[in-house]
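In case you want the letters, here they are:
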Amino acid sequence: MNRNYTNCNPLKYQSFNFKASVVVFLLALLSVQLQAQQIETTFKIVNSKNTPVPFASVAAIPAIDSTHPVQQISDSAGVAVFNLSQGVKYIIRASSVNYATADKGISITGNPSTFTITLAPVSKTVGSVVVTTTRPLMRQEDDKTIVDPENLAASSTNAYEIIEKTPGLFVDQDGNIYLNSTTPAIIFINGREQKMSTADIASILKSLPPNSIASIEILRTPSAKYDASGSGGIVNVVLKKGVRIGLTGSATAGIQQGKYGNEYIGINLNNNNGKATTFLNVQYSRRNSYDRIKTDRLYAPDTLLSQDAYTIYPTNSYYLGFGIGYQLSKKWEINYDSRLSFSNFKNATENFSQIKKISTNNLITNNNADIANKGNSFNVTQGISSKYKIDSLGSEWTSDLSYNYAPNNTNQLFTNTFTLPLLPVSGGDGYIQTKLYFFSAQTNLLLKLPKKLTIETGLKSTSVIFNNSTDYFRSSGSNRTKDNFRTSSYRYNESINAAYIQASKTISGITLKAGTRVENTAMNGKQVVPKDTSFTIHRTDFFPYIYLSKTVFKIAGYDLRAYLVYRRTISRPGYQLLNPSQRYIDQYLFETGNPALRPQFTKNYEANISVDERPIFAIGVNDTKDIFTNVIYQADSSRSVAYRTYDNLGNNKETYFRILGAIPPGKKFFFVVGAQYNHNFYQGLYENKPLSFKKGSWTLFTYQTLKVTPTTQLTLNGFARFNGQLQFYELSTFGAFNMSLNQQFLKKKMTVSVSANDIFFTNNNNFTINQGSINASGFRKADTRRFGINIRYNFGFRKREENNMFNMESPEKTN
């Protein structure tokens, strides 16, 4: 079977790449010509005793655009020197360990100037770590929502659990992360897409230490700067790096106990000497949990298949992350980071099955299937990035290179035992090997021009190579023969080349950002065993983007700002969905990919409102064409075996709205409460028969903290989903209520958190599916109710100023 979808001329695409490169080059030259005159401006950072404050963080924030500050670290004499644009107003923000942040407004004239900023000491510090409680849990920044995970990390054992507890995010039992309810979000780590399967990404997130995350960025409608493959939105996990002067770090350990236990221990180190920053994260975790699924499926006319599958997932994970950043000059900086993770697992499933005659209730078949999967997965990611600061307005040129290698090996053993009718024990074994290679290169140019005009443009190229081989054997008694039906070999190559340009400008208080992204996709897949299912896809697509923002009015002194966003996106089927290799589930079900899958396109429209950068309301529509989703089909006319796969079904229109309310942080009590409604309307074909499916569901979520004493904090969070939906599965009402108590000791250096997750054991659901020839219902639950204790100890060694008798200040610094 050979498919070739071609709607573009490769020569035209090469011409486009050349033209895009010329545009970027010309814009870079243009930026040099358009820069305003730069004036050297000196800032002396002192304390209330007029003593210099060394190694303070100093930021120059243009008053016309606060989103692109220029940052410096003061030297050992407390001096920081900037080249600032003449005629521009700035807010200078200075901060340092043990001092309160200070702001100073200035205007740059035509002559070099020196300003003095005085920092006031704060009364309560923890060594070199300052404890603050005024940061909001969620804030709106342009077209993305930024989540501060600090409090969520206190009661979590890994990054995956933090995402599960983040208000507004929904993680299903298979590890998919949803912002809405139709298409899973794309997961980025440090701004880089993870081209891996859902299970592999979940495994990496579960290996990340909970205190290694600096922030979580949620982009429901990403701009043209981001990959167009984000119809479900983007969740970007930003990891911490060394940011404080001197050596700081933390040691963490914790346990959680449900039916099975989780344990972890780790250490995090950060070092900053003013020019170089380094970080190191090490963690070991041992996890185990269970998943139980009970189903009843119409197996044949007047026949019911009932199954009860129980699976345990013992896993050992090892994680190492390290990196270094170096400031080559006042304008150039370069960063290198590396992450390595290794997991070994030994999953075991026991599946009890019965087949009954519905009319007579007579038992026809009674059997048990035992399935064991033993294997390991390894992941290594290497990345290098650079940034060149073009001017003090925030213009910059950034580049990023990354490489990812992820091999997986699994040995599978399955045994079928029939007690009715009594048959010889049968079964088989298989060896599954996969290798993923992923390379990404991108460069972005940001120009801050006069008259509040910003231009962004860039190029990106990615390459994916995926190899899969599966060898299966059947066993009956002492006979072991090759299973040619399941044995397969599959090769997949993908390259995506992209360019984008977008511009933003504020006119009469209205910020307009518009742009477009063009992506050329080349996919080639080939299964050589057991039969050829080759396919080739070449296509070029354009993805426009429009963003409008305006401050409507003020409420109690806070800005109420409205946003309108539109973007066209694409969801390409990944290699795991295209892989036709068959994976054994039980004797009545297997799963396979679909090499004939086509990409789906979505037009997203959203309007939202925020107060003081905190999102409070949003309404939107996701209009998707040629949607593909998870389906179950009968494998033969006898309906004895079904298979799970993905298929293009038609169109879907999802309408949603979201509302949030909160008390601002910083007081004794803080809370966020929100609700989201999703309505989906599918129209198309299912098993070549007309499909019309409507479903609406509500989700409520909350996050609350109560500061009982200055060192004691109680945290509550949870969600409830009513009449839920997961693709074509209709779900009953379910949810979870979590609680943690955080107590600080040893002058706030040590934090002990006692937590309880899914206290009422309500994060389980009944489900039904009634589409085409599939009519089934069931119940699913997992090891979600857990009680645990986490301990974190923060430490820090502040860099001391060296006494140098030959250190003499210049006359300019003593004015």
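Note that the coordinates shown come from a computational prediction; the quantities given were computed from them, not determined experimentally. Each chain has its residues counted from 1, running along the sequence as written. Local features in this predicted model are restricted to residues whose pLDDT is 70 or higher, and side-chain atom pairs enter the listing and the counts only when it is 80 or higher, whereas totals over whole chains, interfaces and linings include all residues. Calculated side-chain values reflect all of the structure's heavy atoms, with hydrogen atoms and water omitted.

Enquirer: Please explain the overall build of the protein as it appears in this structure.
Expert: On a plain count of helices and strands, the protein comes out with five helices and 47 strands. Think of it in three bands: residues with accessible area under 20% of the maximum for their type are buried, residues over 50% are exposed, and the middle band is partly exposed, with areas taken using a 1.4 Å probe on protein chains only. When the 815 residues of the protein are sorted by exposure, 51% land in the buried category. Long-range pairs, those at least 24 residues apart, make up 66% of the contacts in the protein with a sequence separation of at least 6. Residue exposure ignores everything except the shown protein chains as possible cover, and the areas themselves are Shrake-Rupley values with a 1.4 Å probe. For the protein, the computed accessible surface area is about 36100 Å², with 58% contributed by carbon and sulfur atoms. Numbering of helices and strands runs from the N terminus; a helix is a DSSP stretch of H or I covering at least four residues, while a strand is a stretch of E covering at least two. It only takes one pair of heavy atoms within 4.5 Å for two residues to be counted as in contact.

Enquirer: Any chance you could explain the nonpolar core here in plain terms?
Expert: Most often, soluble globular proteins have nonpolar side chains that are buried together. Among the nonpolar cores identified, the biggest contains 49 residues, and Ile 163, Leu 205, Ile 216, Val 235 and Tyr 492 are the most heavily contacted of them. Each residue touching Ile 216, except ones within four places of it in the same chain, is listed here: Thr 145, Ile 146, Val 147, Ile 162, Ile 163, Thr 166, Val 235 and Asn 236. Formed by 23 residues, the second largest nonpolar core is a distinct cluster that contains Ile 45, Ala 56, Ala 80 and Ala 102. Residues enter a nonpolar core if they are buried and are Ala, Val, Leu, Ile, Met, Phe, Trp, Tyr or Cys, with the set joined through side-chain atoms within 4.5 Å.

Enquirer: Help me out: how do you make sense of the environment of Lys 550 in this one?
Expert: Looking at the secondary structure, you find Lys 550 in strand β31 (residues 535–555). Relative accessible area serves as the criterion here: at 36%, Lys 550 is assigned to the partly exposed category. Considered as a pair, Lys 550 and Tyr 563 are 13 residues apart in the sequence and their alpha carbons are 6.8 Å apart.

Enquirer: Where do I start with the environment of Ser 107 in this structure?
Expert: Secondary-structure assignment places Ser 107 in strand β7 (residues 102–107). Judged by its relative accessible area of 42%, Ser 107 is partly exposed. It is 8.1 Å that separates the C-alpha atoms of Ser 107 and Gln 86, two residues lying 21 residues apart in sequence. Apart from residues no more than four positions distant in its own chain, Ser 107 is found in contact with Val 88 and Lys 89.

Enquirer: Help me understand the sheet that holds strand β13 (residues 186–189) in this model?
Expert: Hydrogen bonding along the main chain pairs the strands of a sheet, whether they run parallel or antiparallel. A pair of strands is labelled paired if DSSP reports no fewer than 2 bridges between them. An order of β9-β10-β15-β16-β13-β14 is seen for the six strands of this open sheet, with the pairing classed as mixed. Of all strands in the sheet, those with a lone pairing partner are β9 (138–141) and β14 (192–193), marking the two edges. Where β13 meets β14, two bridges bridge the pair, whose relative direction is antiparallel. Among the inter-strand pairings, Phe 188 is bridged to a residue of β14, identified as Glu 193.

Enquirer: Would you explain the sheet that holds strand β8 (residues 113–119) in this entry?
Expert: Read across the open sheet, the three strands follow the order β5-β2-β8; overall the sheet is mixed. Each edge of the open sheet carries a strand with a single partner, namely β5 (79–85) and β8. When strand polarity is set aside, the average angle formed by the axes of neighbouring strands in this sheet is 30°. For strand β2 (residues 38–47) and β5, the ladder comprises seven bridges, and the chain directions are antiparallel. Across the sheet, the residue bridging to Phe 43 is Ala 80, located in β5. Under this scheme, a helix contributes an axis fitted over its contacting stretch, all axes are lines through C-alpha atoms, and angles between N-to-C directions fall in the 0 to 180 degree range.

Enquirer: What exactly am I supposed to notice about the environment of Pro 580 here?
Expert: Mapped onto the elements, Pro 580 comes out in the loop between α5 (575–578) and β33 (583–586). Considering only alpha carbons, one finds Pro 580 and Ala 596, 16 residues apart in sequence, at a separation of 9.7 Å. If we ignore the near neighbours within four places in the chain, the residues touching Pro 580 are Tyr 490, Gln 527, Thr 533, Thr 592, Gly 593 and Pro 595.

Enquirer: Sorry, what's going on with the packing of aromatic side chains here?
Expert: The geometry of two aromatic rings is summed up by the distance between their centres and the angle between their planes. Within 6.5 Å between ring centres, the rings of Phe, Tyr and Trp (the latter by its six-membered ring) count as paired, and their orientation is classed by plane angle as stacked under 30 degrees, edge-to-face over 60, tilted in between. Applying the stated criterion to the full structure yields 34 aromatic pairs. Residues Phe 43 and Phe 115 carry aromatic rings whose centres are separated by 5.6 Å and whose planes lie at 20° to one another, so their mutual orientation is stacked. With Phe 43 in strand β2 and Phe 115 in strand β8, this pair connects stretches of sequence that are 72 residues apart. Across the pair, exposure class does not vary: Phe 43 and Phe 115 are buried alike. Centre to centre, the rings of Tyr 566 and Tyr 605 are 5.1 Å apart; their planes meet at 40°, and the pair counts as tilted. Of this pair, Tyr 566 sits in strand β32 (residues 558–571) while Tyr 605 sits in strand β35 (residues 600–611), and the two are 39 residues apart along the sequence. For Tyr 566, a relative accessible area of 19% gives the class buried. An aromatic cluster of three or more residues is present, and its members are Phe 485, Phe 590, Tyr 633, Tyr 643, Tyr 682, Tyr 686, Phe 693 and Phe 728. The ring centre of Phe 473 lies 3.8 Å from the NZ or CZ of Arg 480, which sits over that ring. The criterion is that NZ of a Lys, or CZ of an Arg, lies within 6 Å of the ring centre and within 35 degrees of the ring normal, and then a charge sits over that ring.

Enquirer: What am I meant to see in the side chain of Arg 792 here?
Expert: Within the secondary structure, Arg 792 sits in strand β47 (residues 786–797). Residue classification places Arg 792 among the buried positions, given a relative accessible area of 15%. In this structure the side chain of Arg 792 is engaged in a polar contact, spanning 3.0 Å, whose partner is the side chain of Glu 150. What Arg 792 contacts, discounting residues up to four positions off in sequence, is Glu 150, Asn 211, Ser 250, Ala 251, Thr 252, Lys 749, Met 750 and Thr 751. The definition of a polar contact used here is a pair of N or O atoms within 3.5 Å, where within protein one atom must be able to donate a hydrogen and the other to accept one, and adjacent residues in sequence count solely through side-chain atom pairs.

Enquirer: Would you mind showing me how to read the pattern of salt bridges here?
Expert: Here the idea is simple: oppositely charged side chains can pair when their charged atoms come close. Salt bridge criterion: a side-chain nitrogen from Lys or Arg within 4 Å of a carboxyl oxygen from Asp or Glu. The final tally for this structure, using the stated rule, is 24 salt bridges. Here Arg 93 makes a salt bridge to Asp 103, at a shortest N to O gap of 2.9 Å. With Arg 93 in strand β6 (residues 89–95) and Asp 103 in strand β7, this pair connects stretches of sequence that are 10 residues apart. Asp 103 sits in the partly exposed class, given a relative accessible area of 47%. Across the pair Glu 150 and Arg 792 runs a salt bridge, and its minimum N-O distance is 3.0 Å. With a gap of 642 residues between them, Glu 150 in helix α2 (residues 150–153) and Arg 792 in strand β47 connect regions that are remote in the sequence. Three or more residues joined by partner-sharing salt bridges are found here, namely Asp 227, Lys 460, Arg 517, Glu 519 and Arg 572.

Enquirer: For this particular structure, what's the right way to read a nonpolar patch on the surface?
Expert: Excluding any residue in a salt bridge, patches collect residues exceeding 30% relative accessible area, merging like charges within 9 Å and nonpolar Val, Leu, Ile, Met, Phe, Trp and Tyr side chains within 5 Å. A grouping of Tyr 326, Leu 328, Trp 332, Ile 334, Ile 384, Trp 397, Leu 401, Tyr 403 and Phe 439 is seen on the molecular surface, where their side chains present a nonpolar patch of about 800 Å² in accessible area. Looking at the nonpolar patch, the elements that each hand over two or more residues are β23 (332–357) and β25 (396–420). Here the nonpolar patch gets three residues from one element, more than from any other, and that element is β25. Assignment of secondary structure puts Tyr 326 in strand β22 (residues 315–327). Here Tyr 326 falls in the partly exposed class, since its relative accessible area comes to 38%.

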